[in-house]
Amino acid sequence: MAERTVLIHFPELLPASRGAAVPGVLHLDPGLPAGPEAGERFTPPDLPLDAATAARWLAQATGYAGLFAPGALRAADAAAKAPGADPYGDPVSAIVGELEALEGRGTPGPAPAGEASGDSRLRAQAVLLLAWERERGLAEVRELGAAHGGAVERLGATLGLEPEDMDELAAAGGLALDPAPEEPYAEPGQWQPVLAAMLRLLPAGAVLYADAAPVIGFWREAGVALEPVAGARLEALLPGAPDGTWFLARCPGRVLMGAARPLAEAPWLDQERAVLVREAGAGE
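**Some details on the overall build of the chain**
Alright, step 1. Assigned secondary structure in the chain consists of nine helices and seven strands.
Alright, step 2. Counting across all 284 residues of the chain, residues that qualify as buried make up 43%.
Alright, step 3. Taking all contacts inside the chain whose residues are at least 6 apart in sequence as the whole, residues at least 24 apart take part in 66%.
Alright, step 4. Carbon and sulfur atoms form 56% of the exposed surface of the chain, whose accessible area is close to 14,000 Å².

**Quick look at the sheet that holds strand β5 (residues 227-228)**
Alright, step 1. The five strands lie next to each other as β1-β4-β7-β6-β5, forming an open sheet whose pairing is mixed. The open sheet has two edge strands with one neighbour each: β1 (7-9) and β5.
Alright, step 2. When strand β4 (residues 207-210) meets strand β7 (residues 272-278), the two strands line up parallel, connected through four bridges. The residue bridging L208 from the neighbouring strand is V275, located in β7.

**As for the environment of P214**
Alright, step 1. Here P214 is to be found in helix α7 (residues 213-221).
Alright, step 2. Owing to a relative accessible area of 38%, P214 belongs among the partly exposed residues under this scheme.
Alright, step 3. Taking C-alpha positions, P214 is 7.0 Å from E187, a pair spaced 27 residues apart along the chain.
Alright, step 4. The residues touching P214, leaving out its near neighbours within four places in the chain, are Y185 and A186.

**Overview of the confidence of the model for the chain**
Alright, step 1. Mean pLDDT for the chain: 74, with 61% of residues reaching 70 or above.
Alright, step 2. Note on residues 84-92: pLDDT under 50 across the span, and 16 contacts to partners over four residues away in sequence or across chains.
Alright, step 3. Below pLDDT 50 for its whole length, residues 102-118 participates in 36 contacts with residues either more than four positions away or in separate chains.

**Digging into the pairing of β4**
Alright, step 1. Burial along β4 is two-sided: the face carrying V207 and Y209 and the face carrying L208 and A210 are both buried.
Alright, step 2. As paired elements, β1 and β4 share three bridges and run parallel to each other. Each bridged residue has a counterpart across the sheet, and for H9 the counterpart in β4 is Y209.

**Side note on the packing of helix α6 (residues 188-201) against α7**
Alright, step 1. Two elements in contact, α6 and α7, have axes separated by 11 Å at closest approach and are oriented at 85 degrees. Here α7 runs roughly perpendicular to α6, going by the angle between their axes. The residues of α7 that touch α6, namely those facing P188, W191 and Q192, are V215, F218 and W219.
Alright, step 2. Across the contact of α6 with α7, the residue classes tally to five nonpolar, one polar and no charged.

**A closer look at the packing of aromatic side chains**
Alright, step 1. The full count for this structure, using the stated rule, is five aromatic pairs.
Alright, step 2. Judged by centre distance (5.8 Å) and plane angle (90 degrees), the rings of F10 and W191 are edge-to-face. Separated by 181 residues along the polypeptide, F10 in the loop between β1 and β2 (27-28) and W191 in helix α6 bring together distant segments of the chain.
Alright, step 3. Chaining the aromatic ring pairs together yields one cluster made of F10, W191, F218 and W219.
Alright, step 4. The ring of W268 is capped by R200, whose NZ or CZ atom sits 5.3 Å from the centre of that ring.
Alright, step 5. Between R220 and the ring centre of F247, over which it is positioned, the NZ or CZ distance is 5.0 Å.

**A closer look at α6**
Three or four residues apart is the spacing at which side chains of an α-helix point the same way, because the helix has 3.6 residues per turn.
Alright, step 1. When the terminal C-alpha atoms of α6 are compared, their 20 Å separation across 14 residues agrees well with the 20 Å that a helix rising 1.5 Å per residue should span.
Alright, step 2. Along α6, 12 of the 14 residues are buried, which leaves the element largely enclosed by surrounding structure.
Alright, step 3. Residues of α6 that are buried include every one of G189, Q190, W191, Q192, P193, V194, L195, A196, A197, M198, L199 and L201, and no others.

**Quick notes on the nonpolar core**
Alright, step 1. Ranked by internal contacts, the top residues of the largest apolar core, which has 52 residues, are F10, M198, L208 and W219.
Alright, step 2. At the level of elements, α1 (51-61), α4 (120-159), α6, β4, α7, β6 (246-252), α9 (253-257) and β7 are the ones that each hand at least two residues to this core.
Alright, step 3. If you look at the next biggest cluster of nonpolar residues, it comprises 13 residues, including L7, V229, L237 and L238.

**Remarks on the side chain of R121**
Alright, step 1. Tracing the backbone shows R121 in helix α4.
Alright, step 2. For the buried residue R121, which engages in no salt bridge, the nearest side chain bearing the opposite charge is D119, 5.4 Å off.
Alright, step 3. With residues up to four places along the chain from it excluded, the contact list for R121 reads P45, D46, L47, P48, R200 and L201.

About the cut-offs
- Residues numbered from 1 in each chain as written.
- Predicted model: local features only at pLDDT ≥ 70, side-chain atom pairs only at ≥ 80, totals over all residues.
- Heavy atoms only, no water.
- Helix = DSSP H or I, 4+ residues; strand = E, 2+ residues; numbered from the N terminus.
- Buried < 20%, exposed > 50% of the residue type's maximum accessible area, 1.4 Å probe, protein only.
- Contact = heavy atoms within 4.5 Å.
- Areas by Shrake-Rupley, 256 points an atom, 1.4 Å probe, with all protein chains shown as cover.
- Pairing = 2+ DSSP bridges.
- pLDDT = per-residue confidence, 0-100.
- Axes fitted to C-alpha atoms, helices over the stretch in contact; angles between N-to-C directions.
- Parallel < 35°, antiparallel > 145°, perpendicular 65-115°, else oblique.
- Nonpolar A, V, L, I, M, F, W, Y, C, P; charged D, E, K, R; others polar.
- Phe/Tyr/Trp six-rings, centres within 6.5 Å; stacked < 30°, edge-to-face > 60°.
- Lys NZ or Arg CZ within 6 Å of the ring centre and 35° of its normal.
- Expected span 1.5 Å × (residues − 1).
- Core = buried A, V, L, I, M, F, W, Y, C linked by side-chain atoms within 4.5 Å.
- Lys, Arg positive; Asp, Glu negative; His and termini not counted.
- Salt bridge = Lys/Arg side-chain N within 4 Å of Asp/Glu carboxyl O.

As C-alpha cells, then:
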C-alpha cells in the first residue's frame, strides 16, 4: 500500500487563523506541547528543541515585540546579512543566540549571521515558534473583538437605539473597537520567513497546501508553474478533495520564495518542493 502524502497547510500554523479546515491537510507544529488539536498537526522530525524547552523559550521571547510586526523577521534577517551589519541590531540572531545558550550550545547574546555560524534548523524552529505566537495573538484579538461587538449590539438593542446612534454612543463612551485586526499573512514579508523555515524542517516528500489569495497571487507573478490537477491524480494527493479548481507545482523552494537565483545562506531552498493549490477564495 502506498504511503499517504503528508499535506501541510501554508502559511497558517493555527487552524484558528483561517476558516473551515480541509480534511486531510495538517498544520505544522513548531514543537510545542500537544494540545486539543494534536490530531490535526504535524511535528517535523528531530526538532532542535523539545516541547518543554520550546514552550519555555517562547514564553521568554514574547518580550521581543518588534518581531511580531509585519515583515520584521524578513527585514531583520536581511539586515543581518548585509555587509558590515551589526549583529546586535538583528533580533532574529539575538533570539537564536538565546536558544543556543538555553540548549548549552553557546553563550547568551546574538549569533553571527550566516549559515555557517549557527544551526539553521534552530533558527527555523525559532521563526516558526514566533509565527505561531503572532497568529495566536491575532486570533485572540479577533475573538475578543467579536465578543465585544456582540455585547455592544445587545446594549443598543436593549436601549432601542438605531445602529448609527449606537456607533456615536460607543465612540463617545470609549466602547468603539479598533479596526479589525490584520490577517496574519497578507504581505510577502509576513509569510516568506515562515516558508523558508517550513522548508528547512519538513521532510522532502511533504507537500504544501495553499489557498490564500495573497500567496497564490505572488506565486503567479513570480512565474511559478501551476498546472491544473484533477481526477485520480488529485485523489492520490488528497483523498476526498473538496470542490474547487486545483493546481500542482513542483519547483525549487527558492522559486516559491520569489528568488531568481540560489541563496547561499539557504541551500536547502534549492531542493524541489511540491505545492498543491486550491483556487484563491475557494477554501474560505
